[in-house]
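Residue-level listing of the chains:
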Amino acid sequence: MPRIVAPSMLSADFGHLDRDTRMVDRSAAEWVHIDVMDGVFVPNISFGFPVLKAIRKATAKCLDVHLMIVEPERYVERFVEAGADIVTFHLEASADPAHCAELIRRAGAKAGVSIKPATPVGALRDFLPLVDLVLVMSVEPGFGGQSFMPHALDKVRELRALSEELRPGLLIEVDGGISSHNARALYDAGADALVAGNAVFGAADPEAEIVNMLNA
Ligand code: DX5
Ligand code: ZN
């Protein structure tokens, strides 16, 4: 499976969003990860549609939108209209995950579902055939710069095995505390895409860190 890196724009310099998006655009990263937080599902607020649209203008790469919001079904279509290629909502935030995934796909994007560190992989069983991607959180969602929780490695292995049975071709993404130091273990466990915020934007040479992750 080809390896994917998804730099998280949450760690970009918002005073130079265009510059930082263009850096990702010319880098070896295939996806651009966009964290949307509502201050209710998580104790932090990030950004919404206007910022997503600005990022869309600065790159042709796959916009990977991670919604950390309650009642995601109310907004998923608007995120697709604003330029999202993948829309991922939290299993814990949706009263009807099957319906939410269907809305995303009908709007023309790939549908993803994410689980927090305390949510077991088994909770996804019924929904795996209905989604394109699962995002395994390796930190508590809400903030960049936290330490990686190693339990995520077991969850990726379990999910890869379950997907071979129920949803071959499922994309597995992992988010939180990832850098070139732990990327290899995650790819080996079965992850396709790794999100990295601080590791990329905090590096002296962000483009080199992306390459280091891909070659880890
Ligand atoms: C956290 C976000 C992450 C975050 C990752 O809630 O979902 O995408 O930006 O940042 P790092 O890589 O710094 O842990
Ligand atoms: Zn994220």
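Shown above is the structure to which this text applies.
Summarised in this report is the structure supplied together with it. (Residues numbered from 1 in each chain as written. Chains lettered and ligands numbered in written order. Predicted model: local features only at pLDDT ≥ 70, side-chain atom pairs only at ≥ 80, totals over all residues. Heavy atoms only, no water.)

1. Structural notes on the coordination of the zinc ion (ligand 2)
By definition of the ideal shapes, a tetrahedral metal site with four donors has angles of 109.5 degrees and an octahedral site with six donors has angles of 90 or 180 degrees. Bound to the zinc ion (ligand 2) on the protein side are His33 (NE2), Asp35 (OD), His66 (ND1) and Asp175 (OD), at distances that span 2.0 to 2.3 Å. Considered as a linear motif, the donors of the zinc ion (ligand 2) on their single chain read H-x1-D-x30-H-x108-D. Neither His33 nor Asp35 differs from the other in exposure class; each is buried. (Donors = N, O, S within 2.8 Å, 3.2 Å for Na, K, Ca; no water. Buried < 20%, exposed > 50% of the residue type's maximum accessible area, 1.4 Å probe, protein only.)

2. With respect to the layout of surface pockets
Estimates place the volume of the largest pocket at around 240 Å³. In this structure, the largest pocket is lined by 24 residues; those nearest its centre are Phe143, Gly144, Gly145, Asp175 and Gly176. Of all the elements in the fold, those that place two or more residues in the lining of the largest pocket are strand 2 (31-37), strand 3 (62-68), strand 8 (193-196) and helix 7 (198-201). Taken together, the residues of the lining of the largest pocket break down into eleven nonpolar, eleven polar and two charged. (1 Å grid on protein atoms, 1.4 Å probe; cavity = no way out; pocket = protein on both sides within 12 Å on 5 of 7 lines; lining within 4 Å. Points joined across faces, edges and corners; volume = space filled by probe spheres on them. Helix = DSSP H or I, 4+ residues; strand = E, 2+ residues; numbered from the N terminus. Nonpolar A, V, L, I, M, F, W, Y, C, P; charged D, E, K, R; others polar.)

3. Considerations on the sheet that holds strand 7 (residues 171-175)
In spatial order, the strands read 1-8-7-6-5-4-3-2; together these eight strands make up an open sheet with parallel pairing. Looking at the sheet topology across the chains shown, the edges are occupied by strand 1 (4-7) and strand 2. Strand-to-strand twist of the sheet, defined as the mean angle between neighbouring strand axes without regard to direction, takes the value 25°. Here strand 7 runs beside strand 8; their pairing, made up of two bridges, is parallel. The partner of Val174 across the bridge, within strand 8, is Leu194. Across the sheet, helix 4 (residues 97-106) touches strand 4 (86-90) and strand 5 (110-115), and the angle it forms with strand 4 is around 165°. In the packing of helix 8 (residues 206-214) onto the sheet, contacts are made with strand 1 and strand 8, and the angle to strand 1 comes to roughly 145°. (Pairing = 2+ DSSP bridges. Axes fitted to C-alpha atoms, helices over the stretch in contact; angles between N-to-C directions. Contact = heavy atoms within 4.5 Å.)

4. Here's the deal with the packing of aromatic side chains
If you walk through the whole model with that rule in mind, you get three aromatic pairs. Aromatic side chains Phe49 and Tyr75 sit 6.5 Å apart centroid to centroid with 45° between the ring planes, which places their arrangement in the tilted category. Residue Phe49 is found in helix 2 (residues 49-58), and its partner Tyr75 is found in the loop between strand 3 and helix 3 (76-81); the two are separated by 26 residues along the sequence. Here Phe49 and Phe79 contribute two aromatic rings whose centre-to-centre distance is 4.4 Å and whose plane-to-plane angle is 40°, an arrangement assigned as tilted. (Phe/Tyr/Trp six-rings, centres within 6.5 Å; stacked < 30°, edge-to-face > 60°.)

5. Side note on the site of ligand 1
Around ligand 1 sit 20 residues, and of these Ser8, Asp35, Gly142, Asp175 and Gly197 come closest. Asp175 places a polar side-chain atom, nitrogen or oxygen, 2.7 Å from an oxygen atom of ligand 1. Here ligand 1 has 390 Å² of accessible area as a free molecule, and 99% of this is covered by the chains. Using a 2 Å cut-off from the grid points, one finds that ligand 1 occupies the largest pocket. Per-element accounting of the shell around ligand 1 gives the leading share, three residues, to strand 2. (Near = heavy atom within 4 Å. Polar contact = N/O pair within 3.5 Å; in protein donor to acceptor, adjacent residues only side chain to side chain. Areas by Shrake-Rupley, 256 points an atom, 1.4 Å probe, with all protein chains shown as cover. Sits in = over half its atoms within 2 Å of the grid points.)

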